[in-house]
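# Secondary and tertiary structure notes
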Amino acid sequence: MHEFSVVQSLMGLIEQNAMQNNAKSVSKVIVKIGKMSGIEPHLLKMAFDTFKEKTICENAELEMVIQDIIAKCEDCQNEFIVENNQFICPKCQSFNLKITDGEDMYLMSLELDV
Ligand SMILES: [Zn+2]
């Protein structure tokens, strides 16, 4: 499952952060998940809960913020939320779009216990 490797690298990042801040444990992890990231939130949660045992994240709660797909029209510079996979500018009907958000997943913030 894709989510397991995602969580593994996420854990590495969290541990690095916690160490830099001399934290004893992590109480909360907030991640942003783009709707186009290909990550299933419930699978990510499951993977996180599996991996966190006996790590610095053992008592951490995972909070997931779902990020809409944001596109910018290269023709009229209109920025909009893509819904139902309609990759077309609602203003000028152009397909010449650039995705500006919602494509990936990243660590937004951490709550650490020191
Ligand atoms: Zn447009």
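Just above, that's the structure.
It should be emphasised that the depicted structure is a prediction, and the values quoted were computed from it without experimental measurement. (Residues numbered from 1 in each chain as written. Predicted model: local features only at pLDDT ≥ 70, side-chain atom pairs only at ≥ 80, totals over all residues. Heavy atoms only, no water.)

This next bit is on the sheet that holds strand β6 (residues 105-113). Strand order in the open sheet made by the three strands is β2-β1-β6, with mixed pairing throughout. Strand pairing shows two members of the sheet lacking a second neighbour, β2 (61-67) and β6, which therefore form its edges. The average angle at which neighbouring strand axes cross in this sheet is 15 degrees, direction not considered. Both strand β1 (residues 25-34) and β6 contribute to a ladder of eight bridges, which runs antiparallel. Each residue of the ladder has a partner; that of V26, found in β6, is L112. Set on the sheet, helix α2 (residues 41-51) makes contact with β1, β2 and β6; between it and β2 the angle comes to about 160 degrees. (Pairing = 2+ DSSP bridges. Helix = DSSP H or I, 4+ residues; strand = E, 2+ residues; numbered from the N terminus. Axes fitted to C-alpha atoms, helices over the stretch in contact; angles between N-to-C directions. Contact = heavy atoms within 4.5 Å.)

Okay, the pairing of strand β3 (residues 69-73) next. Regular strands have side chains that alternate between both faces of the sheet. With four of five residues buried, β3 lies mostly within the body of the structure. As judged from the four bridges shared by β3 and strand β4 (residues 79-82), these two strands associate in the antiparallel manner. Following the sheet pairing, A71 is matched in β4 by F80. Between β3 and β4, which pair antiparallel and follow one another directly, the connecting turn spans five residues, one of which, Q77, has a positive phi of 65 degrees. Pairing geometry for β3 and strand β5 (residues 97-101), over four bridges, is antiparallel. From the neighbouring strand, A71 faces β5, where its bridge partner is I99. (Buried < 20%, exposed > 50% of the residue type's maximum accessible area, 1.4 Å probe, protein only.)

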